[in-house]
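Chain by chain, the residues:
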Amino acid sequence: MLARRLLIRPHILPFSHSRASSGLTRHKYDVIVVGGGHAGTEAAAAAARVGAETLLITQKIQTIGALSCNPSLGGVGKGQLVREVDALDGLMGRAGDWAGVHFSMLNHSKGPAVWGPRAQLDRRRYREFIQSELLSLPRLTVVEGSVEKMLVSEPHPDKPGKHRVTGVRMAGMDEAILCSSVVLTTGTFLSGSLFMGQTTSPGGRMGDPPSCAGLSHTLREVLGLTVGRLRTGTPPRIVKETVDLSLATVQPPDQRPTPFSYINTRTRCPPEEQLPCYLTHTTPGVERVVRESLHLNCHIQEDAKGPRYCPSIESRVMRFPGRRHQVWLEPEGLTSDLLYPQGLSMTMPPDVQLRLLREIPALRKAEMRTPGYGVQYDFVCPTQLFPSLQLKNTQGLFLAGQINGTTGYEEAAAQGLWAGVNAGRLAASLPLLSLSRTESYIGVLIDDLVSRGVTEPYRMFTSRAEFRTSLRPDNADLRLTPKGFEEAGCVSAERYGEALRVREGLKGGLAALQSVCMSSTRWRERMALTCISETKSAAMSAEDILKYKDISFEMLASAIPEVFSPYLEFAHRLKIEVLYYSHCERQKREMGRIQEEESLLLPQDLDYLSLPASLSQEVREILDRVRPDTLGAATRLPGMTPAAIVHLLNYVTKAPRRGRNADRGSTDSAKTNVEQRNERKRTTNQHSIATVM
Amino acid sequence: MNYVIGEMRRASTFLTRTLRSRTIKRLTNGGPDSAGETIFALSSGQGKCGVAVIRVSGPASALALRSLTGPRQSFPTPRKAFLRSIIHPHSEEMLDRGLVLWFPGPRSFTGEDCAELHIHGGPAVISGVLEALGSLSSLRPAEAGEFTRRAFHAGKLDLTEVEGLGDLIHAETEAQRRQALRQMAGDLGRLYHDWSQRLTRCLAHVEAFIDFSEDELIEDGVLNQVDESLSQLVREIEGHLSDERKGERLRSGVQVVIAGATNAGKSSLLNLLCQRPAAIVSPVAGTTRDVVETCVDIGGFPILLSDTAGLRDTQDTVEIEGVRRARERVQQADLALVVVDSSKLPRDPRHVAASLGGQLGEVLSGQASQRCLLVLNKSDLLSEEQSRGIQSALRERGDLPQACLLSCHTDSGVNGFLSVLKNSVQILCGDPLVGGPSLTQARHRAHLLECVRSLAQYRQYRDLDLALAAEGVRLALIGLGRITGRVGAEEILDIIFRDFCIGK
């Protein structure tokens, strides 16, 4: 019954006290995390969980856990990421349950594999929860300040890479702080510029000073990394009482909120206290204002090669003219007097923004609290990373979040968590780990980033996951929690125990469902069912019966309580398991093939141009440019041929015997690392993680 | 036993070596049966063979063997040949009588359960049996090199033997590519590509509905349109599958193309080989403007010989099209005869090889893997000294393909050329992958069936679970993609963002 209680901690530390309690306690840490956004907080917490003495450096402790843009969490695809971060014992899911003021399960009618848990958040509560968690974590120190410079030295000779990070120097401090690994999560602050109307100013977020000039220099000039430039934006915030909500459609929350976290059974906000959202639409007047003000809009004019989707109202109107576009008016919190107009991100001058807003009937008399603005910032091309999120050319330096070209809180948190785990492991000389795209959306995210790179801000969609029906939001705990405890070490024993209990419960429930077999006539009598065809003569198991659309596990339990009532707790999950069981079984084969190829590591120092195998020059050049980490990643590269893959396969299977240095930059002996990992991949029954049951 | 050449020869070499080799480190997690799917392929050559061998490997091999030999027959004892009637599992029509063999895993070539069917070598029988196997839902045609790759994964091949595996797979992939190009060049190709585009769009719209309809303006009507498009698609594919006329004439036989610069004597060579004036010959450059096709028998092997327009830069629109077709035909051919006017070769023998290399590259468009023979025509116009110079230049340069100096005018050197050509054709016919349109057709058929079956999953789950329904469309696109090329997640997103206004 351990997990049946609500694991939301009521204590909130007063900020003054917490800030006083932080401060440098030593001159050397295992891991230093730079940045206190969603990536940074998850990275710092994860590094501390795996046992590393961790230092989080942020500009303002007050803005730790700030939601810089929309006040919402989750959604389709993104909700899966939140669930996975939670399954690995991250903060985001529990913070969402603490701060949520409007919960809804998106896609409820489309099948459990693509359900999208989402919540509107109270900004203040979210910040409070994250700050309280971080400031009470053992082994984690938080300090305010900005990093002026990264200390870089000669690389460890028997590991790949041209440089090694050894610490950071903070502004206004004489002494450097040393460490084994650094996780950079600087978001939009890397050479960030803010755009509004015809004015631009340096910065990464309105209201915060620009920073990271020194880091930018280190990344480009010292480490020689390839960087690109991306853009994003945020809408104006509207004063709630100036909005005529009677002209918008009310969108009520779910009557029974579904928590994000596997260890919460309810949310802090009681169902009846949830706030609604409102839906309204743009008018031809909005389109007119956008067109008339284009000459006053630097951010849009610089749109040489924008993303394929439409991040701002300007791009929506230009690309899809003459249409009505949706605008969601979202609450900013229980006590906030503001509304967030989702869909109205804009960068024109403030007076024009107000004119545009007032073209929408519900906003005819609206007042703006803060105008919308655009941000352009540098990102480091993520193909320069290992799947551990460590840079290929710099030992000990990890990157996570928007700096890798992604967009969204959930994408940032997922990377942050994984970078934190590996940064902590590196400090402890443990082998670095990667997540496969066959077992998680986090794996899909990281694999897409490091093997394909980005051309527009990367956002998670369920269509990116080829094993979508296996990687469901309901089973992230079965997929990841055991691995997180047994392999990565980032999951608490408490949570691990709970995941095992659930796994056993589901196994037992499924076995019970398979054990009861009756003729269809008997089932009809027993359950008073009309949905089963009379002509069906063969015996049917309870599992077959549960597959019917209108049958719930509760119905079976009330018909045959002696068998099924012990599993009532898992009723909901058993129904989903049964629906997907046969499909997931079929996917396992393909997953097995991919996992097999991913378990075969390609040495990073491999000289593809002169490799003694018959590879075409074209293939050699592709391999040399991308330097895939595993055979699986090589297989997915455009331009690879089956023959080239076989030659590589042949080569890597021989590699350990040749004593090649195939290090991932983690342990002293690279050879052992590869062998250990290949050995582990062979011996673990990975299918049990991928789709348990 | 002359049918046991090509793939079979390789296979038997592998087998004997496997017997010699000792325990090999396994790469797979779960041993042989983790490969899962059951595959089949023709593993003997075509042409003058009395017997064809079709091989099946995977967990459903026993099922396949039982389905094709009828339930009343006793199941064959392992590794012994039995005479059986081969029956189509659905129509129950008798396709042939032949020998069947059963090799239960792990003591088989791939380490999995394997079956072999030794049937009569006629194209109709072969395509009938391949089609019958493809109609079983648990079987699919093997990809290039898949049998050997499975054997490798099962630890049946020594790592040193794998050195050759990459080259083997390369050859097989190339052969399949050429074969597919031939099939896809005409109306059939257009048909498949049209299907693929429509299916891709349907999938994009389903994916858009799943990923974005809760936040963005995507009406439910989108799915109704997808329903209609998919039903239409299924009707068309099913209609195509049941069309006995098969749409296009199968071009069977080894495809040999004659190509080269204008006025090198390509049409003269064609007329010489088919011993009748099939093509118009004139001293005017650019006489042949379209592809001239003719069937000939060389050393008992069926050859489809095509004469093509001479390759040159031209402003004439008809000739431009002729040159395009010529280049396309060269890419699709199993063997190219590159004709060169020997009287126009450099006088200095030291420059001959370089000149030939250049012309060869021009004709083959840089496709180094294309099998070809060099035909140096118009030897009657050469002096004794020139002839000797050219021949010694050819002997010294090992990187040029085999070359024959001849004269279509005086017939000198023609006999030597014929025996070289006959040899090449014999080797090609021994390769089970070359010139087998029935094989390609069986493959297409199986993939189209897979596509139709997967789309049934869409219909089944459309109102129950859209994720499972979408899975059906994904699988259908993977099936069709095996014919027309893979469609990745990025292409789907391209369509989504083009067709719908998706915000941040």
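Residues numbered from 1 in each chain as written. Chains lettered and ligands numbered in written order. Predicted model: local features only at pLDDT ≥ 70, side-chain atom pairs only at ≥ 80, totals over all residues.

In the nomenclature of an unreviewed UniProt entry, chain B is known as 5-taurinomethyluridine-[tRNA] synthase subunit GTPB3, mitochondrial of Clupea harengus. In UniProt, chain B has this text filed under Sequence similarities (unreviewed entry): "Belongs to the TRAFAC class TrmE-Era-EngA-EngB-Septin-like GTPase superfamily. TrmE GTPase family." (UniProt positions renumbered as here; feature names shortened; annotations may be inferred.)

As named in an unreviewed UniProt entry, chain A is 5-taurinomethyluridine-[tRNA] synthase subunit MTO1, mitochondrial, taken from Clupea harengus. Per UniProt, chain A carries the Catalytic activity (unreviewed entry) text "5,10-methylenetetrahydrofolate + uridine(34) in tRNA + taurine + GTP + A + H2O = 5-taurinomethyluridine(34) in tRNA + 7,8-dihydrofolate + GDP + AH2 + phosphate + H(+)".

**Student:** Describe the overall build of chain A, listing the residues and the values that go with them.
**Tutor:** A count of helical and extended segments in chain A gives 24 helices and 23 strands. In chain A, the proportion of contacts linking residues at least 24 apart, taken out of those at least 6 apart, comes to 73%. (Helix = DSSP H or I, 4+ residues; strand = E, 2+ residues; numbered from the N terminus. Contact = placed C-beta atoms within 7 Å.)

**Student:** Could you give an account of the overall build of chain B, with specific residues and numbers?
**Tutor:** On a plain count of helices and strands, chain B comes out with 15 helices and 12 strands. Going through the 504 residues of chain B one by one, you find that 45% of them count as buried. Within chain B, contacts between residues separated by at least 24 positions form 71% of all contacts whose residues are at least 6 apart in sequence. (Buried ≥ 20, exposed ≤ 12 C-beta atoms within 10 Å, placed from the backbone.)

**Student:** Give a detailed account of the sheet that holds strand 14 (residues 249–251) of chain A, specifying residues and quantitative values.
**Tutor:** All names here are of chain A. The sheet built from 6 strands is open, its strands ordered 14-15-16-17-13-18 with antiparallel pairing. Every other strand in the sheet has two partners, leaving strand 14 and strand 18 (368–370) as the edge strands with one partner each. Strand-to-strand twist of the sheet, defined as the mean angle between neighbouring strand axes without regard to direction, takes the value 35°. As paired elements, strand 14 and strand 15 (residues 277–281) share 3 bridges and run antiparallel to each other. Bridged to Gln-251 within strand 15 is Cys-277. (Pairing = 2+ DSSP bridges. Axes fitted to C-alpha atoms, helices over the stretch in contact; angles between N-to-C directions.)

**Student:** Tell me about the environment of Val-222 of chain A, and name the residues and values.
**Tutor:** Residues and elements named next belong to chain A. By secondary structure assignment, the location of Val-222 is in helix 6 (residues 213–222). Val-222 gets classed as partly exposed once you count the C-beta atoms within 10 Å, which come to 13. Residues Val-222 and Val-152, 70 residues apart in the sequence, show an inter-C-alpha distance of 8.3 Å.

**Student:** Before we move on, can you summarise the confidence of the model for chain A with the specific residues and values?
**Tutor:** Low pLDDT means the predicted atomic positions in that stretch should not be read closely. Residues and elements named next belong to chain A. Per-chain confidence: chain A averages 87 in pLDDT, with 88% of residues scoring 70 or above. Here residues 1–21 scores under 50 on pLDDT; set against residues more than four positions off or in separate chains, the count is 27 contacts. pLDDT under 50 marks residues 656–693. Its contacts with residues more than four places away, or in other chains, come to 74 contacts. (pLDDT = per-residue confidence, 0-100.)

**Student:** Could you give an account of the environment of Leu-360 of chain B, naming the residues involved and the relevant values?
**Tutor:** Residue and element names in this part refer to chain B. Along the polypeptide, Leu-360 turns up in helix 10 (residues 352–364). Spatially, the C-alpha atoms of Leu-360 and Cys-372 are 9.2 Å apart, while their sequence positions differ by 12 residues. Ignoring sequence-local partners within four residues, the contact set of Leu-360 consists of Val-338 and Leu-374.

**Student:** I'd love a proper account of the nonpolar core, names of residues and values included.
**Tutor:** If you look at the biggest cluster of nonpolar residues, it comprises 114 residues, and the most contacted ones within it are Val-31, Ile-32, Ala-43, Ala-47, Val-182, Val-183 and Leu-399 of chain A. Of the residues forming this core, the biggest block, 11 residues, is contributed by helix 11 (residues 409–427) of chain A. Setting aside residues no more than four positions away along its own chain, Ala-47 of chain A makes contact with Val-31, Val-33, Ala-52, Thr-54, Gly-420, Ala-423 and Gly-424 of chain A. Within the second largest apolar cluster, 102 residues are counted, among which are Ile-551 of chain A together with Ile-54, Leu-65 and Ala-115 of chain B. (Core = buried A, V, L, I, M, F, W, Y, C linked by C-beta atoms within 7 Å.)

**Student:** Provide a residue-level description of the pairing of strand 3 (residues 82–87) of chain B, including the pertinent values.
**Tutor:** Residue and element names in this part refer to chain B. Here strand 3 pairs with strand 4 (residues 94–103) via 6 bridges, running antiparallel. Paired with Phe-82 across the bridge in strand 4 is Val-100. The antiparallel hairpin formed by strand 3 and strand 4 contains 6 residues in its connecting segment, where Glu-92 sits at a positive phi of about 60°.

**Student:** Quick one: what's the story with the sheet that holds strand 12 (residues 403–405) of chain B, residue by residue and with numbers?
**Tutor:** Residue and element names in this part refer to chain B. Spatially, 6 strands are ordered 8-9-7-10-11-12 in an open sheet, and the strand pairing comes out mixed. In this open sheet, the two edge strands, each paired with only one partner strand, are strand 8 (292–298) and strand 12. Put simply, the sheet's adjacent strands are angled 25° from each other on average, direction ignored. As defined by bridge partners, strand 7 (residues 254–260) adjoins strand 10 (residues 335–341) across 5 bridges and the pair is classed as parallel. The residue of strand 10 that forms the bridge with Val-256 is Leu-335. Together, strand 7, strand 8, strand 9 (301–307), strand 10 and strand 11 (372–377) form the strand contacts of helix 8 (residues 266–274), whose direction differs from that of strand 9 by roughly 155°. Relative to the sheet, helix 9 (residues 317–332) contacts strand 7, strand 9 and strand 10, its axis offset from that of strand 7 by approximately 140°.

**Student:** Can you tell me about helix 20 (residues 617–626) of chain A, naming the residues and giving the values?
**Tutor:** All names here are of chain A. Looking only at helix 20, the buried set comprises Val-619, Leu-623 and Val-626. When helix 20 is viewed along its axis, its buried side chains cluster within an angular range of 80° and face the same direction. Away from the buried face of helix 20 by more than 90 degrees, exposed residues Gln-617, Glu-618 and Arg-625 are located. At the C-terminal side of helix 20, Arg-627 shows a positive phi close to 50°. (Arc of directions from axis to C-beta.)

**Student:** Explain the packing of helix 7 (residues 284–292) of chain A against helix 10 (residues 350–357) of chain A to me, using residue names and the numbers behind them.
**Tutor:** Residue and element names in this part refer to chain A. Following both chains from N to C, one finds helix 7 and helix 10 inclined at 160°, their axes separated by 8 Å at the closest point. In terms of their interaxial angle, helix 7 and helix 10 are classed as roughly antiparallel. As helix 7 packs across helix 10, the resulting crossing turns out to be right-handed. When helix 7 is examined against helix 10, the residues Val-286, Val-289 and Val-290 are found in contact with a partner set consisting of Val-352, Arg-355 and Leu-356. Across the contact of helix 7 with helix 10, the residue classes break down as 5 nonpolar, no polar and 1 charged. (Parallel < 35°, antiparallel > 145°, perpendicular 65-115°, else oblique. Left-handed = near helix turned anticlockwise from the far one by under 90°. Nonpolar A, V, L, I, M, F, W, Y, C, P; charged D, E, K, R; others polar.)

**Student:** If you had to explain helix 7 (residues 221–242) of chain B to someone new, which residues and values would you point to?
**Tutor:** All names here are of chain B. Helix length check: helix 7 (22 residues) gives 32 Å between terminal C-alpha atoms against 32 Å at 1.5 Å per residue, within 8%. Taken together, the buried positions of helix 7 are Val-226, Leu-230, Leu-233 and Ile-237. Looking straight down helix 7, one finds that the buried residues subtend no more than 65° of arc, so they occupy a single side. Away from its buried face by more than 90 degrees, helix 7 exposes Gly-221, Asn-224, Glu-228, Gln-232, Arg-235, Gly-239 and Ser-242. (Expected span 1.5 Å × (residues − 1).)

**Student:** Talk me through the environment of Leu-81 of chain A; I want residue IDs and the actual numbers.
**Tutor:** Residue and element names in this part refer to chain A. Here Leu-81 shows up in helix 3 (residues 78–87). Put simply, Leu-81 and Val-450 are 369 residues apart on the chain and 18 Å apart in space, counted from C-alpha to C-alpha. Every residue in contact with Leu-81, bar those within four places of it in the chain, is listed here: Glu-410, Glu-411, Ala-414, Tyr-441, Ile-442 and Met-460.

**Student:** Got a sec to walk through the domain arrangement of chain B? Specific residues and values, please.
**Tutor:** Entries for chain B in the domain assignment read domain 1 (7–174), domain 2 (187–247 + 436–499) and domain 3 (254–430). One C-alpha centre belongs to domain 2 of chain B, the other to domain 3 of chain B; they are set 44 Å apart. (Domains from an automatic or database assignment.)

**Student:** How would you summarise the packing of helix 13 (residues 476–488) of chain A against helix 14 (residues 493–515) of chain A if you had to cite specific residues and measurements?
**Tutor:** Residues and elements named next belong to chain A. Running from amino to carboxyl end, helix 13 crosses helix 14 at an angle of 140°, the nearest separation of the two axes being 9 Å. It follows from the interaxial angle that helix 13 and helix 14 lie oblique. The handedness of the crossing between helix 13 and helix 14 is left-handed. Between helix 13 and helix 14, the residues in contact are Asp-477, Leu-478, Thr-481, Pro-482 and Phe-485 and Arg-495, Tyr-496, Ala-499, Val-502 and Arg-503, respectively. Each residue belonging to the contact of helix 13 with helix 14 can be placed in one class, and the counts come to 6 nonpolar, 1 polar and 3 charged.

**Student:** Explain unusual backbone geometry to me, and be specific about the residues and the numbers.
**Tutor:** With glycine set apart, most residues show a phi of negative sign, and most peptide bonds adopt trans. All names here are of chain B. Here the amide bond leading from Gly-105 into Pro-106 is cis, since omega sits at 0°, within 30 degrees of zero. On the secondary structure map, Pro-106 appears in the loop between strand 4 and strand 5 (114–120). The phi dihedral of Asn-263 falls on the positive side, at around 60°, and the residue is not glycine. Tracing the sequence through the fold places Asn-263 in the loop between strand 7 and helix 8.

**Student:** Which residues make up the confidence of the model for chain B, and what values do they have?
**Tutor:** All names here are of chain B. Residues at a pLDDT of 70 or more form 79% of chain B, whose mean pLDDT is 78. Considering only residues more than four positions removed or in separate chains, one finds that residues 1–35, a stretch of pLDDT under 50, has 61 contacts. Segment residues 245–250: pLDDT under 50, and 8 contacts once partners within four positions in sequence are set aside and those in other chains are kept. Overall fold confidence for the complex sits at a pTM of 0.78, while the interface term, ipTM, reaches 0.87.

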